[in-house]
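Structure assessment
Chain residues, written in single-letter form:
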Amino acid sequence: MASLYYRIFYKSTAFFIILKKISVNYITVLDSNVKIVYNRYNEQFRKEKSMIKFLALFLCILMALPISFFGCTKDEKESEDVTLGPVSGVADERLELDVPDIDFGDDYTFTIIGKGGSGWNAEDMLCPEEDSDDVLDHAKYARYKAVEDMYGIKIVTQLKEDIYTVVKNSVSSNDKSFDMIYMNTYNTASAATDNLLYNLYDVELLNLDAPWYDQNYNNGMSIGTTLYSTVNHMLTMDMHCTWVMMYNKELITRYGLKDPYDMVKDNTWTFDNFAAMLEGVSTDNGDGIWDSNDVYGFAAHSGSARNFFYGAGMTVCDKNSANYPELVIDDNENIVKLQSKAVKLLHEGNNTLFHRTGDDFSIADVFREGRVLFLSEIAGYLNYFREMEQDYGIVPYPKYSADQKSYYTTNDPCIMVMSLPAFNHTSEEIQRIATVTESLCWESYYTLSPSYYEDVLGGKGTRDEGSYEMIELCRESRIYDFGLFNPDISLHNAFESLIENSSTNYASLVKRRIKGATAELQEIIERYEKA
């Protein structure tokens, strides 16, 4: 509780000094609490920061003495809100934007198109028509407005339902009707091999090694000296679709289980230990029928269960020394062992509520109602659990074994990734497009991403600092498997499809298909080289 008072008085004292002496990017009011989110501050505030900490510490000691004597009530504990730090790697002061000073002239319009229609789309990319009190909408509006004012240009965002056809027809006719594209990874892979996209490594003004680009994606999805798409901070969808595991803290306590946070930190969060925690948790509601109305140790579907594969550090493809993908799915005995263990965990006994395609229940609903110990889902569901009565936490997928180097997860192939259309541009046009693109990615890194973490992950979607730490761990350890994000490789979803069908015939399936999959991969590589 003393730490709570420290945060309150630290921020209260800082609040008045900041208002008086420095400029603040924006002030967000959530509920009745004032939260100050800022990216840039001046040298004078940094010098006074130690004084603020001293005053805050002194006041919190005075206030904490009587409370520490009487203890903390349940209501007081539940009212604590977590304020997050910046996104990992986002410094207090901005890195320099390294772009040339270009005269864009009058009436220059930069157009971004994204996948529209039903299902997963690029709606996250759209610019709000006006400023808003909503934290994320405000950040999106401010991001676009900042770059527009920087160059005296207009930025237009549009959704296109059949976006692949739009891109193909426009590039074929060289109509230059848009400058940037956001499509899912499957569409983007097809567009790249159909010679519809620029090799981003050839666009000199894009600083693709900068922190506003996802280096894991660039490393995983490049081939040789080519990269036709990237993940950056212009959209929040990549974090939204990152696979995580969530757990019910009250059920952990009720069954006397070790805190998964601690297990992650002491390197005991492994598949076998996770599976052991599920034993004895599932409980029938008394009707003798095991269905979504009962209590379960685990809830998953085939898409989420696939991430045991990636959590174990396994991939369909890996890169050779020349940065070309090679199939590695056929020479790993641990994959066969893991697949057998996963089928047993998901389909034998009643430890797991498994959602098959077509089932009329939601595993997220069952977790939200407090009847699931562990849930495997994307991080975007954190919003859905805001009003959940019981406390919950977030951890990465378990390691295959304790000697594994790191924890890993992946993103869903439905994420929207950025690419540039391969119009027949002049060097001047390319320079303008690259300048605006780099500026948007840079501005998003400092404006949109901190707002997303603060609004969605801080105090609303998660309820403690440990969850934030785990989410950061998942974000930084995402695997982008070339084999998963290219559906033309027939083995791209082998692990997932077998899980769906309760099959342990992994070795025989791979043996039958490996020759064809190798030929498919080689054809993809050749098409990339010709693009």
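Computed from a predicted structure; not experimentally measured. (Residues numbered from 1 in each chain as written. Predicted model: local features only at pLDDT ≥ 70, side-chain atom pairs only at ≥ 80, totals over all residues. Heavy atoms only, no water.)

Spatial ordering of the open sheet is given by S4-S3-S5-S14, a layout of four strands whose pairing is mixed. Since the sheet does not close on itself, it has two edges, and those belong to strand S4 (154-160) and strand S14 (416-419), each with one partner. The average undirected angle you get between the axes of adjacent strands in this sheet is 20 degrees. Where strand S5 (residues 180-184) meets S14, four bridges bridge the pair, whose relative direction is antiparallel. By the bridge assignment, asparagine 184 is partnered in S14 with methionine 416. Along the sheet, helix H5 (residues 163-173) makes contact with strand S3 (109-115), S4 and S5, crossing S5 at roughly 140 degrees. Relative to the sheet, helix H6 (residues 185-193) contacts S3, S5 and S14, its axis offset from that of S5 by approximately 120 degrees. (Pairing = 2+ DSSP bridges. Helix = DSSP H or I, 4+ residues; strand = E, 2+ residues; numbered from the N terminus. Axes fitted to C-alpha atoms, helices over the stretch in contact; angles between N-to-C directions. Contact = heavy atoms within 4.5 Å.)

Evaluated as defined, the whole model comprises four cavities of 30 Å³ or more. Around the largest cavity, the lining residues are Thr185, Thr188, Ala189, Tyr217, Met221, Tyr228, Ser229, Phe485 and Tyr528. Among the secondary structure elements, those contributing two or more residues to the lining of the largest cavity are H6 and helix H7 (215-221). Among the elements that take part in the lining of the largest cavity, H6 stands out by supplying three residues, more than any other. Among the residues making up the lining of the largest cavity, the classes are represented as six nonpolar, three polar and no charged. (1 Å grid on protein atoms, 1.4 Å probe; cavity = no way out; pocket = protein on both sides within 12 Å on 5 of 7 lines; lining within 4 Å. Points joined across faces, edges and corners; volume = space filled by probe spheres on them. Nonpolar A, V, L, I, M, F, W, Y, C, P; charged D, E, K, R; others polar.)

Once that is clear, we can look at the packing of H6 against helix H19 (residues 506-530). Remark: H6 packs on H19, axes separated minimally by 8 Å, with the N-to-C direction vectors making an angle of 60 degrees. Between H6 and H19, the crossing angle belongs to the class labelled oblique. Mapping the contact onto sequence places Ala189, Ala192 and Thr193 in H6 and Ile524, Arg527 and Tyr528 in H19. Here the residues of the contact of H6 with H19 are counted per class, giving four nonpolar, one polar and one charged. (Parallel < 35°, antiparallel > 145°, perpendicular 65-115°, else oblique.)

Overall, the predicted model of the protein reaches an average pLDDT of 83, with 81% of residues at or above 70. This stretch, residues 1-89, has a pLDDT under 50; its non-local contacts, to residues over four places away or in other chains, come to 120 contacts. (pLDDT = per-residue confidence, 0-100.)

A few words now on the packing of aromatic side chains. Tallied over the full model, the rule gives 31 aromatic pairs. Judged by centre distance (5.9 Å) and plane angle (55 degrees), the ring pair of phenylalanine 298 and phenylalanine 308 falls under tilted. Here phenylalanine 308 lies in helix H13 (residues 307-311) and phenylalanine 298 lies in strand S7 (residues 296-301), a separation of ten residues in the sequence. Here phenylalanine 298 falls in the buried class, since its relative accessible area comes to 0%. Taking 5.2 Å as the distance between ring centres and 40 degrees as the angle between the ring planes, the aromatic pair formed by phenylalanine 309 and phenylalanine 495 counts as tilted. Placement of phenylalanine 309 in helix H13 and of phenylalanine 495 in helix H18 (residues 494-500) is noted, with a sequence separation of 186 residues between them. Taking NZ or CZ as reference, arginine 94 lies 4.9 Å from the ring centre of tryptophan 442, over its face. (Phe/Tyr/Trp six-rings, centres within 6.5 Å; stacked < 30°, edge-to-face > 60°. Buried < 20%, exposed > 50% of the residue type's maximum accessible area, 1.4 Å probe, protein only. Lys NZ or Arg CZ within 6 Å of the ring centre and 35° of its normal.)

Non-glycine residue lysine 176 carries a positive phi angle of around 50 degrees. For lysine 176, a relative accessible area of 31% corresponds to the partly exposed category. With phi around 65 degrees, asparagine 267 is a residue other than glycine that occupies positive phi space. Relative to the elements of secondary structure, asparagine 267 occurs in the loop between helix H10 (260-265) and helix H11 (271-277).

With that out of the way, let us pick up H6. Counting buried residues along H6, seven of its nine residues qualify, which places the element largely inside the surrounding structure. Here H6 has its buried residues at Thr185, Asn187, Thr188, Ala189, Ala191, Ala192 and Thr193. Looking at the packing, one finds that the buried side of H6 touches S3, H5, S5, S14 and H19. Capping the start of H6 is the job of one residue whose side-chain oxygen sits 3.1 Å from the backbone nitrogen of tyrosine 186: asparagine 184. Taken from the residues just after H6, asparagine 195 is the one with a positive phi, measuring 65 degrees. (Polar contact = N/O pair within 3.5 Å; in protein donor to acceptor, adjacent residues only side chain to side chain.)

Attention shifts here to the environment of valine 203. Among the structural elements, valine 203 can be located in the loop between H6 and H7. A relative accessible area of 4% means that valine 203 is categorised as buried. Distance from valine 203 to glutamine 431, taken between C-alpha atoms, is 8.3 Å for residues 228 residues apart in sequence. Setting aside its immediate chain neighbours within four residues, valine 203 contacts Leu420 and Ala434.

To continue, consider the environment of isoleucine 113. With respect to the helices, strands and loops of the structure, isoleucine 113 is situated in strand S3. The sequence separation of isoleucine 113 and aspartate 179 amounts to 66 residues, and the corresponding C-alpha distance is 8.0 Å. Aside from chain neighbours lying at most four places away, what touches isoleucine 113 is Met125, Gln158, Lys160, Ile163, Val166, Val167, Phe178, Met180, Ile181 and Tyr182.

Core analysis: the biggest nonpolar cluster contains 124 residues, and Ile112, Tyr182, Trp269, Phe298, Phe374 and Leu440 have the highest contact counts within it. When residues of this core are assigned to their parent elements, the largest contribution, nine residues, is made by H19. By size, the runner-up hydrophobic cluster in this structure holds 27 residues, among which are Phe361, Ala379, Phe385 and Tyr452. (Core = buried A, V, L, I, M, F, W, Y, C linked by side-chain atoms within 4.5 Å.)

Strands belonging to one sheet form pairs held by backbone hydrogen bonds; the direction of such a pair is parallel or antiparallel. With mixed pairing, the five strands of this open sheet are ordered in space as S10-S7-S11-S6-S12. Where the open sheet ends on each side, the last strands, each with one partner, are strand S10 (352-355) and strand S12 (392-395). The sheet shows a mean angle of 20 degrees between the axes of neighbouring strands, taken without regard to direction. For strand S6 (residues 243-248) and S12, the ladder comprises four bridges, and the chain directions are antiparallel. In the sheet register, methionine 245 faces S12, and the bridge partner there is valine 395. Against the sheet, helix H14 (residues 333-347) makes contact with S7 and S10, and its axis sits at roughly 100 degrees relative to S10, the strand it touches most. With respect to the sheet, helix H17 (residues 465-476) is in contact with S6 and S12, its orientation differing from that of S12 by roughly 25 degrees.

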